[in-house]
Number of protein chains: 2
Amino acid sequence: MIHEKKRTFNEFAASKGLRSTRQRDIILDVFLSTHQHVSVEELYLKVKASNPGVGQATVYRTLKLFVEAGLAREVLLHDGQTRFEHVMAGEHHDHLVCTGCNAIIEFENETIEKLQDEIATRHGFKIRSHKLEIYGLCASCKG
Amino acid sequence: MIHEKKRTFNEFAASKGLRSTRQRDIILDVFLSTHQHVSVEELYLKVKASNPGVGQATVYRTLKLFVEAGLAREVLLHDGQTRFEHVMAGEHHDHLVCTGCNAIIEFENETIEKLQDEIATRHGFKIRSHKLEIYGLCASCKG
DNA sequence: CGGTAAAATGAAAATGATTATCAAAAGCAG
DNA sequence: CTGCTTTTGATAATCATTTTCATTTTACCG
Ligand SMILES: [Mn+2]
Ligand SMILES: [Mn+2]
Ligand SMILES: [Zn+2]
Ligand SMILES: [Zn+2]
């Protein structure tokens, strides 16, 4: 899948006439090696660990490109930091967020998605995206 | 309802041992006179119009109290500003957000709420709150 | 009523994430 | 290579929100 994503990005870059740079390769590699929901700062530190030359601004810029290319998605939780998660083509999920330990549980629910479509239709609204976040305490934190 | 909310806040203040101040009265009055989804800056300007002495920090501080007291709710959309909306006791709704004209349509859906409970239960998760925002184009902006 | 301790306020500074600037470096078509 | 354009990195700028802290208010007690 990693190779798949690299190809996705290369195709996107080509279609946009973007140049291929060492920095973007590095950032993509590091991003693909992370777990879900990385903050820019976290990613920047990881990148810097192996490649001290890379600037923070470039990490910001490149993550935006990943979103445009469809291989990352912005996740804004309540902690003041934009996070990015991997996205498989066509895949979608929502989040249970534990306010105790910051754990994030992902889930999908087809019925909820359908109900959202119905609601939108009822209001003459054309959905582009949506966000469902459930905040509370996970099994361990409920204790 | 306005009187009701004032009482709610006074009770909250009493229970917390908060002192009663002119500023809080003013800010509550102005807040209750606004429409839904006010930003802090908007509210601050309204307050300043009639009461130039009141500081912005106090508006920030007081809005937090309203949330604690249960008569306001934070709404974080994608525009970099925290907004606050009125909350009636026990009432809840979610949002359709038009990315064209920034209109906000409110809706309630009991089935979605129930499905969320099921999902939480399935994951041993104790829900404290949730947020469902549907982004897209409203009827006018779809054109 | 004053007198006082604690809480609240306002102005200004600090913070922190993100974005803009711009000179220097790198990629690429010819 | 050459020349032109994009990209980069360091740094400054933004902008919403928070913190600080000296001053003002409030609540309470004698
Ligand atoms: Mn996720
Ligand atoms: Mn609302
Ligand atoms: Zn937890
Ligand atoms: Zn619209």
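Let us look at the structure shown here. None of the values given here were measured: they were computed from a predicted structure.

### Regarding the side chain of His86(A)
Residue and element names in this part refer to chain A.
Now for step 1: With respect to the helices and strands, His 86 occurs in strand β3 (residues 82-86).
Now for step 2: Among the polar contacts listed, one links the side chain of His 86 to the side chain of Thr 34, at a separation of 3.5 Å.
Now for step 3: Setting aside anything within four residues of it in sequence, one finds His 86 in contact with Lys 5, Phe 31, Leu 32, Thr 34, His 35, Gln 36 and Leu 71.

### Examining the interface of chain A and chain B
Now for step 1: At the interface, 34 residues of chain A touch 34 residues of chain B.
Now for step 2: Among the residues chain A hides against chain B, the three largest losses belong to Ile119(A), Phe125(A) and Lys131(A). Together they make up 20% of the total.
Now for step 3: Across the chain A-chain B interface, the total number found is zero salt bridges.
Now for step 4: Mapped onto the side of chain A that touches chain B, the elements with two or more residues apiece are β4 (94-98), β5 (104-107), α5 (110-122), β6 (126-137) and α6 (139-142) of chain A.
Now for step 5: For the side of chain A that touches chain B, the element with the highest residue contribution is β6(A), accounting for twelve residues.
Now for step 6: Partitioning the side of chain A that touches chain B into residue classes produces 18 nonpolar, ten polar and six charged.
Now for step 7: As paired strands, β6(A) and strand β6 (residues 126-137) of chain B are joined by eleven bridges and run antiparallel to one another.

### A few points about the coordination of the manganese ion (ligand 1)
All names here are of chain A.
Now for step 1: Surrounding the manganese ion (ligand 1) are the protein donor atoms His 37 (NE2), Glu 85 (OE), His 93 (NE2), His 95 (NE2) and Glu 106 (OE), which sit 2.0 to 2.3 Å from the metal.
Now for step 2: All donors to the manganese ion (ligand 1) come from one chain, and their sequence spacing reads H-x47-E-x7-H-x1-H-x10-E. With a gap of ten residues between them, Glu 85 in strand β3 and His 95 in strand β4 connect regions that are remote in the sequence.

### Looking at the relation of the copies chain A and chain B
Now for step 1: Of the transformation superimposing chain A on chain B, the axial component is 0.1 Å and the angular component is 179 degrees, with the fit at an RMSD of 0.2 Å. Here the transformation between the copies is reduced to the relation of a two-fold axis. Minimal C-alpha distance to the rotation axis in chain A is attained by Leu132(A), lying at 2.1 Å.
Now for step 2: Looking at chain A, 100% of its interface residues are interface residues in chain B too, so the copies touch through the same face.

### Topic: the coordination of the zinc ion (ligand 4)
All names here are of chain B.
Now for step 1: At the metal site, the zinc ion (ligand 4) is ligated by Cys 98 (SG), Cys 101 (SG), Cys 138 (SG) and Cys 141 (SG), and these contacts range over 2.2 to 2.4 Å.
Now for step 2: Geometry at the zinc ion (ligand 4) is tetrahedral, judged from the four donor atoms that bind it and their angles of 104 to 115 degrees at the metal.
Now for step 3: Considered as a linear motif, the donors of the zinc ion (ligand 4) on their single chain read C-x2-C-x36-C-x2-C. Taken together, the positions of Cys 101 in the loop between β4 (94-98) and β5 (104-107) and Cys 141 in helix α6 (residues 139-142) put the pair 40 residues apart, joining distant regions of the chain.

### Let's talk about the pairing of strand β2 (residues 72-76) of chain B
Residues and elements named next belong to chain B.
Now for step 1: As judged from the five bridges shared by β2 and strand β3 (residues 82-86), these two strands associate in the antiparallel manner. Paired with Glu 74 across the strands is Phe 84, a residue of β3.
Now for step 2: Between the end of β2 and the start of β3, which pair antiparallel, lie five residues, with Gly 80 showing a positive phi angle near 75 degrees.

### Describing the sheet that holds strand β2 (residues 72-76) of chain A
All names here are of chain A.
Now for step 1: Spatial strand order, β1-β3-β2: three strands in an open sheet with antiparallel pairing. The open sheet has two edge strands, β1 (38-39) and β2, and neither has a second partner.
Now for step 2: Inspection of the sheet shows β1 paired to β3 by two bridges, in the antiparallel sense. Across the sheet, residue Val 38 finds its bridge partner in β3, namely Phe 84.
Now for step 3: In this fold helix α2 (residues 22-33) packs onto β1, β2 and β3, with an angle of close to 80 degrees to the strand it touches most, β3.

Basis of the calculations
- Residue indices follow the written sequence of each chain, beginning from 1 at its first position.
- Written order decides the labels, with chains lettered from A and ligands numbered from 1.
- Where totals are concerned, whole chains, interfaces and linings use all residues; where local detail is concerned, this predicted model gives features only for residues with pLDDT of at least 70, and gives and counts side-chain atom pairs only at 80 or more.
- Each side-chain value is worked out from all heavy atoms of the structure, with water and hydrogens disregarded.
- Under the scheme used here, helices are H or I runs from DSSP no shorter than 4 residues and strands are E runs no shorter than 2 residues, and both carry numbers assigned from the N terminus.
- Polar contacts, as used here, are pairs of N or O atoms within 3.5 Å; protein pairs need one atom able to donate a hydrogen and one able to accept it. Residues neighboring in sequence count only if both atoms are side-chain atoms.
- By definition, residues are in contact when any of their heavy atoms lie within 4.5 Å.
- Put simply, buried area is the surface a 1.4 Å probe can reach on two separate parts but cannot reach once they are joined, added for both.
- Salt bridge criterion: a side-chain nitrogen from Lys or Arg within 4 Å of a carboxyl oxygen from Asp or Glu.
- All amino acids are sorted into three groups, where Ala, Val, Leu, Ile, Met, Phe, Trp, Tyr, Cys and Pro are nonpolar, Asp, Glu, Lys and Arg are charged, and the leftover types, Gly among them, are polar.
- A pair of strands is considered paired only if DSSP assigns at least 2 bridges between the two.
- Here a donor is any nitrogen, oxygen or sulfur atom (N, O, S) within 2.8 Å of the metal, with 3.2 Å used for Na, K and Ca; water is not among the atoms considered, so some sites may look incomplete.
- We place the copies in one frame by least squares, fitting the C-alpha atoms of every residue whose pLDDT is at least 70 in both.
- A four-donor site is called tetrahedral if each angle lies between 85 and 135 degrees; a four-donor site is square planar, and a six-donor site octahedral, when trans pairs exceed 155 degrees and the remaining angles lie between 65 and 115; all other cases are labelled irregular.
- For helices, the axis comes from a line fit to the C-alpha atoms of the stretch in contact; other axes are also lines fit to C-alpha atoms, and the angle between any two N-to-C directions lies between 0 and 180 degrees.

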